[in-house]
Amino acid sequence: MAEKAPGVLAVIHHGNAPTLYRPDNDFMSASKPGEARVVFEDDRVHYSGQYVAIIVAETLEQARYAAELVQVSYAVEDPTIETDAALDSAYLPDEFFGEKLTTTRGDPDVALSRAAVTHAATYTTPIEHHNPIEPSASVAVWNGDELTLYETTQWVAGARKTVAQTLGMPEEKIHIVSPFIGGGFGCKGFVWPHSILSAVAAKRVNRPVKLNLTRKHMFSACGHRSETKQYVQLGAERNGRLVAIDHDTVVQTSMVDEFVEACGNTSRFLYSCPNVRVRHRAVRVNVATPTPMRAPGENPGLFALESALDELAYLLNMDPVELRIVNHADVNEQARRPWSSKYLKECYRMGAERFGWAKRAPQPGSMRDGNVLVGWGMATATYPGIRSPGAAKVRLLQDGHVDVVSATQDMGGGTYTTMAQIAADVMGIAIERIRTVLGDSLLPPAPVSGGSMTTASILPATRKAAQDALSKLRHLAATMPASPFTNRRPDDIVAEGGRVFPKGAHPSSGLPYEDVLKRTNQTEIEGEGYTEPGPERDKYAFQSFGAQFVEVRVDPEIAKVQISRVVSAFDVGKIVNAKTARSQGYSGVVMGVGVALMEHTVYDSRDGSIITSNLADYAIPVNADTRSIDILFVDKPDPFIDSDGLGARGLGEITVTGVAPAVANAVYHATGRRIRDLPITPDKLL
Amino acid sequence: MSITPIDRLEFIRITAAATSVRKDTKSGVSVAPSASVTRALALRVNGEAVRLDVDTRVTLLDALREQLQLFGTKKGCDHGQCGACTVHVNGRRVLSCLTLAVMHDDDDIITVEGLERNGVLHPVQEAFIEHDAFQCGYCTAGQIMSAAALLNEPCGPSDDDVREQMSGNLCRCGAYPNIVAAIQSARGRA
Ligand code: FES
Ligand code: FES
């Protein structure tokens, strides 16, 4: 029936889809589908929301109408949805993205049995969805045997390789364009089926096809954060020194791929402790495949660890900040390496001072404002200082403009701005003269916009490219006959502040950059920059740190929690741009408010359907949910992160990591109720 | 490979739309609308008279984007839950995804493209840039249209009043503190 509906051009499904190939499923080799199973690969439905057919029509309305007419018949089976229902079949995944998932240092069991004070509890976090306001979309345009995909992707290079392998095409025939991304937070990192479907559909109907995911699709078609159950045991001496940490996690993965939310990895080095065991188990459920979501692992992992530490602080009758300082890790004890740089104590100090932490009365329920219960809580924040190889080009044009180009992406964090800023700095020209072009697979290769790695990976390459452009300009000037540079070697020529001039002479004796191009009849000069991490990675541990302080106000009558104040202090190396950095800080804190108080995707365990697949039932923070937010930075360069002296680590993810535990700790302080199960909704406090 | 540049309007003309069918275990009788009916419509968009033939199922949002190629207005949910599609209809803020185009015969529509005057940005637009009131920018047109309308609405003076009245516009990038600062400064100026 759907085929005959008005305007319908094609109905594509398992029975008539072209042959598709499973691509390499390997992040490290830059081929990474969102899930290993290729769309329409078989006739089984593994989870609710899985694609069973695609309709192509002249208009959206016609396509939508025809989709209603499709009839699918199923042999019904009982799904497994809940973690507990699958616990018997839990298994131990070995590695994830190159990290061991189960490790033991020392003897935690003996240490726990001998510890003066112990704490043990289970912490749980729910399935969460990224929900960028821009839904994912793909527009496919074929030109003969070449394909251009206009994408919403955080990784054009990964998309090109993955799409090429899935379609069985050479990579050179695929062009990915994604100049702007309306937020991603991880759900646009890998290639999800819709990008393949738009390509297949466009080929079938022999014209461009646009495929936009609906908000409902966003809950099953581009990943989510797995539910987690984390059993944490801590052992300490009376003076607060940790003697044992045991962090045991169970996560969900799908029937069609493996993704592990590595909650415990941070627990191996965040504090100094001789006996540490970390274990991750996974269960397979009939839910779509999880994917990285802003600080994967750290975010739920720190909720458990930092809540547990707060509980320990109460058992020890110790200030929570003091407990963390007593257990400060001076080196990374898991990797057995010194930190490249670490100013966590400075974060505690700055944050506590701005927040007014010294005035805190520790007794739960002891700080009130009239009828309202006031609670103050804090937590440590952390995220690795990742860096990848990256390349950029800087082109100086005859009209005086400068193009800065790279196949990196900007999903809102400010990459356009900071790349232009670095190039303007090096070249000594106004930023208005710089044009940044990103998000195109034809540009110099760059890593995924994820893992907070863009700043450390791309800015050094940009700087190098700008320096290379200036060096080529000096060489060019040296060839100019009848000029101020006659008989000068390139080394005796200076290019800075927008002008080229003889060394030792006044800049005004030389020429503007563009005049050198004009007078040598060059249309442009292209500087290239490629940088990569080196042996410093084996010598140091690179990690960002922070401290987040939260004030909550709880109305005891209706158990409503209002987050009235958040102060966050971060050590992320050098701050490249104070304005965009502060905005990233706000961004993480606001998302953290959602994690702490509202976000929770609910499934119907009878049939696996998602009950909350819209933005009214899946609540995310609105403007009125956030009040005063203060973002502070230590702003000291990391001397080893790059050899170019920039000293900046990324900050997209660390900003969210400590918020939820700080809120939970503040809620306990306000109410005396310890909520170990996110989100902290009123029903749990009544 | 070579890239064939393709003109955006030409592109829109020839592009087909795709909708996926998904396994949704909540089955039931679908109440699909019957096949298309088209209506002629005359309205003003950003000050200009516009005539349109619309499928009666087309929302104002889709008519603006797909037929008038005004891409500033964004679709975040298509369900009246995010505010990304906010436009002004006869001077009031309206969620354009939640209203059918056919209902707007003779109406006066302003989208974010129509907010500036003679190349000068609206004070709210200026303030958004100054205060870095966006990150990815996807919610921004809706935020700006709401904020511009707010200037003419009864709204108390405090930051909390502004927060309350801007809470129909979701920003997943969490630009809220900067949005409030921008609006307060625009209110001071306007
Ligand atoms: S698209 Fe209209 S409110 Fe979300
Ligand atoms: S700026 Fe990205 S959603 Fe608001």
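Because the structure is a prediction, the values reported are computed rather than measured.

Draft legend 1. Summary view of the side chain of T612(A). Along the polypeptide, T612(A) turns up in the loop between α13 (578-597) and β27 (628-633). One polar contact links the side chain of T612(A) to the main-chain amide nitrogen of V602(A), over a distance of 3.1 Å.

Draft legend 2. Molecular detail of the sheet that holds strand β5 (residues 103-105) of chain A. All names here are of chain A. Pairing is mixed across the open sheet formed by 5 strands, whose spatial order is β5-β13-β12-β11-β6. Each of the sheet's edge strands pairs with one partner strand only, and the pair in question is β5 and β6 (117-125). Mean inter-strand twist for the sheet, computed between neighbouring axes without regard to direction, equals 10°. With 9 bridges connecting them, strand β11 (residues 228-236) and strand β12 (residues 242-253) associate as antiparallel partners.

Draft legend 3. Just the confidence of the model for chain B, in detail. All names here are of chain B. Of the residues in chain B, 84% reach a pLDDT of 70 or more, and the chain-wide mean stands at 88. Below pLDDT 50 for its whole length, residues 1-6 participates in 13 contacts with residues either more than four positions away or in separate chains. Long-range and interchain partners of residues 25-32, a stretch whose pLDDT sits below 50, account for 10 contacts in this model, where long-range means more than four residues apart. Overall fold confidence for the complex sits at a pTM of 0.95, while the interface term, ipTM, reaches 0.96.

Draft legend 4. Spatial organisation of helix α2 (residues 60-67) of chain B. Counting buried residues in α2(B) gives 6 out of 8 residues, a clear majority hidden from the surface. For α2(B), every residue scored as buried is listed here: L60(B), L61(B), D62(B), A63(B), L64(B) and R65(B). The inward-facing, buried residues of α2(B) contact α1 (60-69) of chain A together with β2 (38-45), β3 (48-55), β4 (86-89) and β6 (108-110) of chain B. Once α2(B) finishes, Q69(B) follows within two positions and takes phi at roughly 55°, a positive value.

Draft legend 5. Structural context of the interface of chain A and chain B. Facing 88 residues of chain A, the contacting portion of chain B comprises 59 residues. Together chain A and chain B conceal approximately 6,000 Å² of surface at their shared face, both sides included; 55% is due to carbon and sulfur atoms. Where chain A packs against chain B, one counts 4 salt bridges. Across the salt bridge formed by R172(B) and E599(A), the nearest N and O atoms sit 2.7 Å from each other. Where chain A touches chain B, the interface holds 16 residue pairs in polar contact (both at pLDDT 80 or more). Of all elements in the fold, only β2 (51-57), α1, β7 (137-143), β8 (146-151), β9 (174-177), β10 (209-212) and α13 of chain A reach the threshold of two or more residues within the side of chain A that touches chain B. The leading source of residues in the side of chain A that touches chain B is α13(A), at 9 residues.

Draft legend 6. How the structure looks around the domain arrangement of chain B. Residue and element names in this part refer to chain B. Parsing chain B into structural domains produces domain 1 (38-114) and domain 2 (123-189). Between the C-alpha centres of domain 1 and domain 2 there is a distance of 22 Å. In this assembly, 15 residues from domain 1 lie in contact with 15 residues from domain 2. Contact with domain 2 buries area across many residues of domain 1, yet H88, R93 and V112 alone supply 46% of it, more than any other trio. On inspection of domain 1 and its partner domain 2, the count reaches 1 salt bridge. Here domain 1 is connected to domain 2 by 8 residue pairs in polar contact (both at pLDDT 80 or more). Residue composition of the side of domain 1 that touches domain 2, by class: 5 nonpolar, 7 polar and 3 charged.

Draft legend 7. Structural context of helix α6 (residues 176-189) of chain B. With 14 residues, α6(B) extends 20 Å between its outermost C-alpha atoms, agreeing within 8% with the 20 Å of an ideal straight helix rising 1.5 Å per residue. Taken residue by residue, α6(B) has Y176(B), P177(B), N178(B), I179(B), V180(B), A182(B), I183(B) and A186(B) as its buried positions. Buried residues along α6(B) sit against α13 and β27 of chain A together with α3 (123-130), α4 (140-150) and α5 (159-165) of chain B.

Draft legend 8. Region of interest: the nonpolar core. The biggest cluster of nonpolar side chains holds 139 residues, and the ones touching the most others in it are L234(A), F549(A), V552(A), V663(A), I680(A), F128(B) and I179(B). The contacts of I179(B), once residues within four sequence positions are left out, are N623(A), F128(B), A133(B), Q143(B), M166(B) and C171(B). Core analysis: the next-biggest nonpolar cluster, separate from the first, contains 46 residues, A10(A), V156(A), V448(A) and A16(B) among them.

Draft legend 9. Here's a closer look at the sheet that holds β27(A). Residue and element names in this part refer to chain A. If you trace the 5 strands from one edge of the open sheet to the other, you get β16-β17-β25-β26-β27, paired in mixed fashion. The sheet is open, and its two edges are formed by β16 (368-369) and β27, each paired on a single side. As paired elements, strand β25 (residues 543-555) and strand β26 (residues 560-571) share 11 bridges and run antiparallel to each other. Bridge pairing in β26 places V550 opposite V566.

Draft legend 10. Up close: the domain arrangement of chain A. Residue and element names in this part refer to chain A. Under the domain assignment, chain A is made up of domain 1 (2-76 + 130-219), domain 2 (228-386 + 537-684) and domain 3 (390-532). For domain 1 versus domain 3, the distance between C-alpha centres works out to 38 Å. Facing the 19 residues of domain 1 at the interface are 14 residues of domain 3. Taken over both partners, the interface formed by domain 1 and domain 3 buries close to 1,200 Å², and the fraction arising from carbon and sulfur atoms is 58%. One can count 7 residue pairs in polar contact (both at pLDDT 80 or more) joining domain 1 with domain 3. For the side of domain 1 that touches domain 3, the element with the highest residue contribution is β9, accounting for 4 residues. Its residues assigned to classes, the side of domain 1 that touches domain 3 comprises 11 nonpolar, 7 polar and 1 charged.

Rules and cut-offs
Residues numbered from 1 in each chain as written. Chains lettered and ligands numbered in written order. Predicted model: local features only at pLDDT ≥ 70, side-chain atom pairs only at ≥ 80, totals over all residues. Heavy atoms only, no water. Helix = DSSP H or I, 4+ residues; strand = E, 2+ residues; numbered from the N terminus. Polar contact = N/O pair within 3.5 Å; in protein donor to acceptor, adjacent residues only side chain to side chain. Pairing = 2+ DSSP bridges. Axes fitted to C-alpha atoms, helices over the stretch in contact; angles between N-to-C directions. pLDDT = per-residue confidence, 0-100. Contact = heavy atoms within 4.5 Å. Buried < 20%, exposed > 50% of the residue type's maximum accessible area, 1.4 Å probe, protein only. Buried area = accessible area lost by both parts, 1.4 Å probe. Salt bridge = Lys/Arg side-chain N within 4 Å of Asp/Glu carboxyl O. Domains from an automatic or database assignment. Nonpolar A, V, L, I, M, F, W, Y, C, P; charged D, E, K, R; others polar. Expected span 1.5 Å × (residues − 1). Core = buried A, V, L, I, M, F, W, Y, C linked by side-chain atoms within 4.5 Å.

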